[in-house]
Structures are given as C-alpha cells and as structure tokens.
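Fold and contact review
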Amino acid sequence: MKRHIILGFFIYLLILLGLAFRNRGLLVLSIPLVVYLGIGILNIPDELQLEIERNIHPKRATLNTPITIDLFITNRGSYLENLYIADFIPSRLKVTDGETSVFLKMAPGEKMNLRYEIIGKRGIYTFNQVKVTRSDPLGIFQFTKMSQTHGQIFILPSANAIRQIHIQPWQTRLYAGVVPSRQGGTGVEFFGLRKYQIGDSLRQINWKASARFDDKLFTNLYKQERAADIRIILDARRRSDINTKNDSLFEYSILAATSITNRLIKDGNRVSLLIYGKYLDITHPNSGKIQRERILKALAGAEVGDSLVFENFDYLPSRFMPIHSQIILISPLHPSDTRSLIALRARGYQILVICPDPIKFQIFAGGRELEKQPVTRVSILERKLMISQLQRAGIRVVSWDIFVNFDQVLSPWRVNRRPYPLMAVPR
Amino acid sequence: MTDYSKSDPLNTTRFTYFTNVVMISIRLICFATTMISLYIGFSLNNLAINYFPLLGIAFVWTIGSLLHKEWISTFVFILTFVWIAIGFAFNFSLHMLLLATFSSLMTWDLDYLCLRFNMAMRIIEPGDLIIKHFQTLFLAFGIGIILTVIPFMVSVKTSLWLVLLLSLGIILGFREVFRYPKEFLNKR
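Residues numbered from 1 in each chain as written. Chains lettered and ligands numbered in written order. Predicted model: local features only at pLDDT ≥ 70, side-chain atom pairs only at ≥ 80, totals over all residues. Heavy atoms only, no water.

**Looking at the overall build of chain B**
Applicable threshold: Secondary structure elements are taken from DSSP: a helix is a run of H or I of four residues or more, a strand is a run of E of two residues or more, and numbering for both begins at the N terminus. Summary of the burial criterion: residues with accessible area below 20% of their type's maximum are buried, those above 50% are exposed, and those between are partly exposed, where the area comes from a 1.4 Å probe applied to protein chains only. We call two residues contacting when some pair of their heavy atoms lies within 4.5 Å. In short, Shrake-Rupley with a 1.4 Å probe defines the accessible areas, and a residue's cover is counted only from the protein chains shown.
When helices and strands are tallied, chain B shows six helices and two strands. Helices and strands in chain B line up, N terminus first, as β-α-α-α-α-β-α-α. For chain B, the residues scored as buried account for 43% of the 188 residues in total. Across chain B, contacts joining residues at least 24 apart in sequence account for 74% of those joining residues at least 6 apart. When the accessible surface of chain B is split by element, carbon and sulfur atoms take 74% of a total near 10700 Å².

Below, the structure is given as structure tokens:
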C-alpha cells in the first residue's frame, strides 16, 4: 500500500476525530505525520529523463555459454536522489555474475554501466523493459516507470556430431552432394554396367563381366552422389512428451533434430523443418548456413503444446512434403501413430523415424527396479511390436536409447544399406 | 563513465553485512523504544493490561522483519499508531506517548528503507544515501517535535462554528489528498 495514502488517511482521521470530540491530544498527534508527509512532498523528485541502452554479447549462444548484458544508463534530467533500476530477467535464465538491480543516486549528465552475465536453457528470450523507480529521500512518494529497451537472445540447442546419415530418397537434386541417387555415374556405391565407351577409365572396366564376351568390354557405373530434399518433422505434441523433475524427453528430440540438421546442411542438402505440436511451425526448404541458422532458431523456440487438430499425424501438410520426398520424423511415437505413418508410407514417402526411447527415459528417471516390473516389460513388448509393424511397412525406425551417444545409435543402422521396399498398404 | 559493474576491489559500494546489521540494530532499538514507552505510558495510568497486545505486535513485527514483508511493517505501524491515538485520546502520559509516536514512525521509515535496500542487488554509496536519509528524517522529527510540543504550552479556545468551518475544509481537502499524487505531482 502506498505510504502517502496511509499517512494522509491517518492525518485526516485524527483531525476529524480531534475536532469531533474536541480532543487536543488527537489533533496534536496528527502534527508529526503532517510534518513527515510535508518533508516528503517538498523533496519529490522531478520527472525521469533517463536514457537506457542495452548491449548483449553474444546474441546467439549455446547451452551454458555465458552471455554478457550491459545496461548503459545516462541521466539527462535533474539530480535524482533515490533511484532504483532493475532489469527483468526471464525465469529460465540464471545470473552467474554481476547484478541485475541497483540502488543509487545520479547527478545530471552522470552515466553508469550495469553489467551482468547469464546462462540459460534453450530458448528465445526477449528483454523489453527496465523498471526504474524514483522516490523522495524518505521513500513516501514513489514513481515507477518502465523504460523500453529492446534486446533478444537465442540460446541454441546443443548437438552431437554425426558422421553420416544414410538416406536413399527416390528423387535427388541436380547439385552434387553425398546422397546416393538412382542414376548411374561417378560415385562410390555400385549401380550397374554399361558398354565400354571411348574415354572410360580402364580402372572402371568390369573385367569379370567383360570376360564372358570375346569382343565386348563393360564399364562399372556407380550411383551418382547428389544433394537431396529432406523434410524434418519434429513431434512437439504434449502427448508424446514425458517430463521429469529436471528433464524432458522433448529435449532429446530437439537434440536429435539439431544434430541431423547440422549434418544434412553440411552435406549440401536442402532441408526444411516442420514442428508439429500446438500449431504448424514451418521453416521452408533451403540450403546453406543461413538456412541452418533459421532452423536452429526455430528449434530454439520450439515448445510442446496441445492441439485437438494435430493430435495424430493425420494432418501433416502434403504441400510441405512432395510425393517421394525424404521425411525424417523425430518422435517418441505414440501407439496411435502407427496407422497414420503406414498411410503416409503408402502414399510414397520415404520415411525415417528417429525415436527417442520413452521407456528407457522413464526407467532412468524412476530407477532401475522399474525395469523388472511386469508393466515395463509389457510396454517394451508393445513398443517392439509397434516398431516391427512400421518396419514391415517399409519405414525405417531408429530406436534411440537416449543415454547412448546419438552418433553411436546411428552407426549400426548406417551399415545396413539395403534399399527398403515400397509397399502399398491399405488404409 | 562510471563503471560500477565489477571494478570494486574494496567492496565499498555494496550494502555490506555491517551496514545491514547496523540498520537492523537501529530499527530494533526504535521498535523496542516504541513498545516500552507505550507500556510505560499506559502503565502510569494503571492500564498495565496492554502487555499482551504489545507482545503480539512485537511478534508480528519480528516475523515481518524476518520475511522482509512490507505490508506487515505497515500493518504493525497502523496497529501501534491506533494504540498511541487511544493513549492521546484519554490524555495518558504525554512524554511517553510522544516518544512512542516518533519511534514508531522511525521504525516504519527504517523498515521501509531496509526493504528498498534489500530489494536491490547492489547499492552504490550506501553510506551517503543513509546519511541523507537520516538528515531528512531528523529534520522532519525536529520540526515535528517543536510543533507538537507548542500546542501543549498554549491553550486555544474554539467555538462550534470554527470547528464546523475547519471540518468542512478538511472534508473538502480529503478528496484532494488522494488525487494529489496523480494530478499535482505529474505536473512537476
């Protein structure tokens, strides 16, 4: 409650009662309050004329990288006696050094610098306001003003280095890359044979095939290595997320998405991202470092959410995914997703599912004894069944035990390069 | 430009533990003075029964100080002041009640100052700020004491009409007090 109101109320109450009852004592008692309030009124500070500038360095950082924030404050007005300046820090950020609020006096033209360091979790954080409060020396009258100082930081998600992701999309782009295409040419993987033509390297002649004929030579053809068009879909539905006290399964999905994006962009592919949760957050396809930055920023701001429309994968936007395109779905998978994914596969999409294992996550959070319980064993069996159903439909599923390095999980899978069949599965 | 951010090897600009302890001690002395003077003031008029309510107020104030709650401090001030007003209304010991008035006002003031200081993570030149605060406070109390004592030395006779006229002025002015900060202060 404001102090001047309390004082004013008491003063008037005492005077009124004193006059009503003609009591000198009550009237006299109001005098100290009147003087106290009067001194406050005489010392009321002038209008605030502060110039506040914010400097953030660096504006994008990774997890646990300290970010320095400087507030440069200049007093353009008159002498300010009791000044309180406080910066608003988003709750997920933690101050590691320096101070975010200060109590001081400022002479006209005086400048000061408030500096602090923060670290925080993945996210996009906006700094909009600085709270400035001026008051008289006794603190009876206080005036608070919110100064606008814009600033934004991105704390990007962390990533694991991945050596290679083996994908085999039906269509590739014209540009050179590392994805084996379905066209013969120069490359590493064997594609087929053709008749020798003048100019072919002798090293490419298939001598075994040529030995079958007297007058013909055959040359090996290899799969051309091209860049591909890849759609990453991140499952941000609340129903597929599991939260513990300090951890969330969704963070592992983000880690997987970041690692895969880094690798794919580095290999020259055209990548796009769809965050499927409360709404559809689409980062349109492109390649290069700027696209990587766009995707990382989208991942930094990704949050789980609920939506009745996007409860399952039935409403994936088809315009986002041309037929035969390569889809990488990062999702812990819900049992009700099987039907939607099989239907998607039947429409001709190449699907790779990276699946952070929710059961292993819960076992880690709840203790090893949880592993032996019948309910866990039944859940594991159900999950295996679901994955095998998906695999039978031609969807590649990588089940990721989240406490194993992501690159290691992809490694054995990478060895198995058999092309998977395109199956027509009725809906 | 004065960079107060990190280069402060002697730590002189902080609201130090020492300063905090000194402020707490002064507040404690002020509050104890209020309680004792109230107790004596009432006891001298054979009303020693106020011992228990005062203990209750002291308990609430201690909790408020520990929790750094502004509203508890204000609540205690209101309770104490009502207590003092009762004493004044019944013409109990004047000296004791005056002492209680000023010490309770000082306790409330310093409670508030400490709260504001504790709110900030850093205080630049707290010594200067505290000295300036005490100067202003003593000025207010000095003038207050003089003006409070004078009416007890002189006797003014009032008539019913004068009382009614003053009451009217007060009632009219009452509304302005609550509008005062918004309209008048913004012009400054």
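Past the structure itself, the notes keep going.
**Details of the interface of chain A and chain B**
Selection rule: Summed over both partners, the accessible surface that disappears when two parts come together, traced with a 1.4 Å probe, is what is meant by buried area. Salt bridge, as applied in this entry: a Lys or Arg side-chain nitrogen positioned within 4 Å of an Asp or Glu carboxyl oxygen. Each polar contact in these results corresponds to two N or O atoms within 3.5 Å; when the atoms are within protein, one needs to be able to donate a hydrogen and the other to accept it, and residues that are neighboring in sequence are counted only if both atoms are side-chain atoms.
Across the boundary between the two partners, chain A contributes 60 residues, which contact 63 residues of chain B. Of the roughly 5600 Å² buried between chain A and chain B, counting both surfaces, carbon and sulfur atoms make up 70%. Across the pair Arg3 of chain A and Asp109 of chain B runs a salt bridge whose closest N-O atoms are separated by 3.9 Å. At the boundary of chain A with chain B, the tally comes to 11 residue pairs in polar contact (both at pLDDT 80 or more). Those elements giving two or more residues to the side of chain A that touches chain B turn out to be α1 (3–21), α2 (24–42), β4 (80–87), β5 (93–98), β6 (101–106), β7 (111–120) and β9 (142–156) of chain A.

**Looking at the pattern of salt bridges**
Residue and element names in this part refer to chain A. Applying the stated criterion to the full structure yields 22 salt bridges over all chains. With its nearest N and O atoms 2.8 Å apart, the salt bridge here joins Asp229 to Arg270. Placement of Asp229 in strand β12 (residues 229–235) and of Arg270 in strand β13 (residues 270–276) is noted, with a sequence separation of 41 residues between them. Overall, the relative accessible area of 18% leaves Asp229 in the buried class.

**Focus on the sheet that holds β13 of chain A**
Residues and elements named next belong to chain A. What counts is decided by this rule: Strand pairing requires that DSSP identify at least two bridges connecting the strands. Fitted lines through C-alpha atoms serve as axes, helices being fitted only where they are in contact, and the angles separating the N-to-C directions of these axes extend from 0 to 180 degrees.
Spatially, six strands are ordered β14-β13-β12-β15-β16-β17 in an open sheet, and the strand pairing comes out mixed. Each of the sheet's edge strands pairs with one partner strand only, and the pair in question is β14 (280–286) and β17 (396–400). Here the strands of the sheet are splayed against their neighbours by 15 degrees on average, with no regard to which way each runs. Sheet topology note: the β12/strand β15 (residues 326–330) ladder contains five bridges and is parallel. In the strand pairing of β15, Arg231 is matched with Ile327. Its contacts with the sheet put helix α6 (residues 337–346) on β15 and β16 (350–356), and the angle it makes with β16 is roughly 155 degrees. Relative to the sheet, helix α8 (residues 374–392) contacts β16 and β17, its axis offset from that of β17 by approximately 150 degrees.

**Describing the side chain of Thr100 of chain A**
Relative to the helices and strands, Thr100 of chain A is located in the loop between β5 and β6. A relative accessible area of 10% means that Thr100 of chain A is categorised as buried. Sequence-distant contacts of Thr100 of chain A, defined by excluding residues within four places in its chain, comprise Ile85, Ala86, Asp87, Ile89, Val95, Leu114 and Tyr116 of chain A together with Met121 of chain B.

**Re the confidence of the model for chain A**
Put simply, the rule reads: Note: pLDDT gives the predictor's confidence per residue, expressed from 0 to 100.
Per-residue pLDDT for chain A averages 85, and the proportion of residues at 70 or more is 96%. Across residues 414–427 of chain A, where pLDDT falls below 50, the model places 30 contacts with residues more than four positions away in sequence or in other chains.

**Remarks on the sheet that holds strand β2 (residues 60–62) of chain A**
Spatially, the six strands line up as an open sheet ordered β2(A)-β9(A)-β8(A)-β4(A)-β6(A)-β2(B), and their pairing is mixed. Either end of the sheet is taken by a strand with one partner, and the two such strands are β2 of chain A together with β2 (122–123) of chain B. Summarising the sheet, β4 of chain A and β6 of chain A pair through five bridges and their orientation is antiparallel. Considered in β6 of chain A, the bridge of Leu83 of chain A is made with Leu104 of chain A. In this fold helix α5 (residues 126–153) of chain B packs onto β4 and β6 of chain A together with β2 of chain B, with an angle of close to 65 degrees to the strand it touches most, β6 of chain A.

**Here we look at the confidence of the model for chain B**
All names here are of chain B. With 76% of its residues at a pLDDT of at least 70, chain B reaches an overall mean of 78. Segment residues 1–13 is flagged for pLDDT under 50; beyond a separation of four residues in sequence, or across chains, it makes 31 contacts in the model. As a predicted assembly, this complex carries a pTM of 0.73 together with an ipTM value of 0.79.

**Considerations on the pairing of β17 of chain A**
Regular strands place their side chains on alternate faces of the sheet. All names here are of chain A. With four of five residues buried, β17 is to be regarded as a mostly interior element. Relative to β17, β16 runs parallel, the two sharing five bridges. Paired with Val353 across the bridge in β17 is Val397.

**Brief notes about the packing of α2 of chain A against α5 of chain B**
This is how it is decided: Orientation categories follow fixed angle ranges, with anything under 35 degrees roughly parallel, anything over 145 roughly antiparallel, 65 to 115 roughly perpendicular, and all other angles oblique. Should the near helix be turned counterclockwise from the far one by less than a right angle, the crossing is left-handed, whereas a clockwise turn marks it as right-handed. Polarity classes work like this: nonpolar for Ala, Val, Leu, Ile, Met, Phe, Trp, Tyr, Cys and Pro, charged for Asp, Glu, Lys and Arg, and polar for all others, with Gly in that last group.
For the pair α2 of chain A and α5 of chain B, interaxial distance at closest approach is 9 Å and the crossing angle is 155 degrees. Taken together, the axes of α2 of chain A and α5 of chain B are roughly antiparallel relative to one another. Here α2 of chain A and α5 of chain B pass one another in a crossing that is right-handed. Seen from α2 of chain A, the contacting residues are Arg24, Val28, Ile31, Pro32, Val35, Tyr36 and Ile39 of chain A; seen from α5 of chain B, they are Thr136, Leu137, Leu139, Ala140, Phe141, Ile143, Gly144, Leu147, Thr148, Pro151 and Phe152 of chain B. When the residues that make up the contact of α2 of chain A with α5 of chain B are grouped by side-chain class, the tally is 14 nonpolar, three polar and one charged.

**Remarks on helix α3 (residues 70–89) of chain B**
Owing to its 3.6 residues per turn, the α-helix brings residues three or four apart onto one side. Residues and elements named next belong to chain B. What counts is decided by this rule: Expected span of a helix: the number of residues minus one, times 1.5 Å.
The first and last C-alpha atoms of α3 sit 28 Å apart over 20 residues, in line with the 28 Å expected at 1.5 Å per residue. Regarding α3, the residues found buried are Ile72, Ser73, Thr74, Val76, Phe77, Thr80, Phe81, Ile84, Ala85, Gly87 and Phe88. Looking one or two residues past α3, Asn91 carries a phi angle of roughly 55 degrees, positive in sign.

**Things to note about the state of the cysteines**
This is how the line gets drawn: In this description, the term disulfide denotes a pair of cysteine sulfurs within 2.5 Å.
For the structure shown, the criterion picks out zero disulfides over all chains. Here Cys114 of chain B stays unpaired: no disulfide links it, and the sulfur of Cys30 of chain B, its closest cysteine neighbor, is 10 Å away.

**So, the pairing of β7 of chain A**
All names here are of chain A. The element β7 is largely enclosed, with a buried count of seven among its 10 residues. Here strand β3 (residues 67–75) pairs with β7 via eight bridges, running antiparallel. Bridge pairing in β7 links Ile73 to Met112. When β5 meets β7, the two strands line up antiparallel, connected through five bridges. Bridge assignment links Lys94 to a residue of β7, and that residue is Ile119.

**Details of the packing of helix α2 (residues 51–67) of chain B against α3 of chain B**
All names here are of chain B. Interaxial distance between α2 and α3 falls to 9 Å at its minimum, and their mutual angle equals 160 degrees. Between α2 and α3, the interaxial angle falls into the category roughly antiparallel. In the crossing of α2 with α3, the sense of the turn from one axis to the other is left-handed. Packed against α2, whose contacting residues are Pro53, Leu54, Ile57, Val60, Trp61 and Gly64, the element α3 presents Ile72, Phe75, Val76, Leu79, Thr80 and Trp83 at the interface.

**A word on unusual backbone geometry**
Residues and elements named next belong to chain A. Residue Pro58 is reached from His57 by a cis peptide bond, and omega for that bond is -10 degrees. Counting through the fold element by element, Pro58 comes out in the loop between β1 (50–57) and β2. Its identity as a non-glycine residue notwithstanding, Arg22 has a phi of 50 degrees, on the positive side. Along the chain, Arg22 falls in the loop between α1 and α2. Overall, the relative accessible area of 58% leaves Arg22 in the exposed class.

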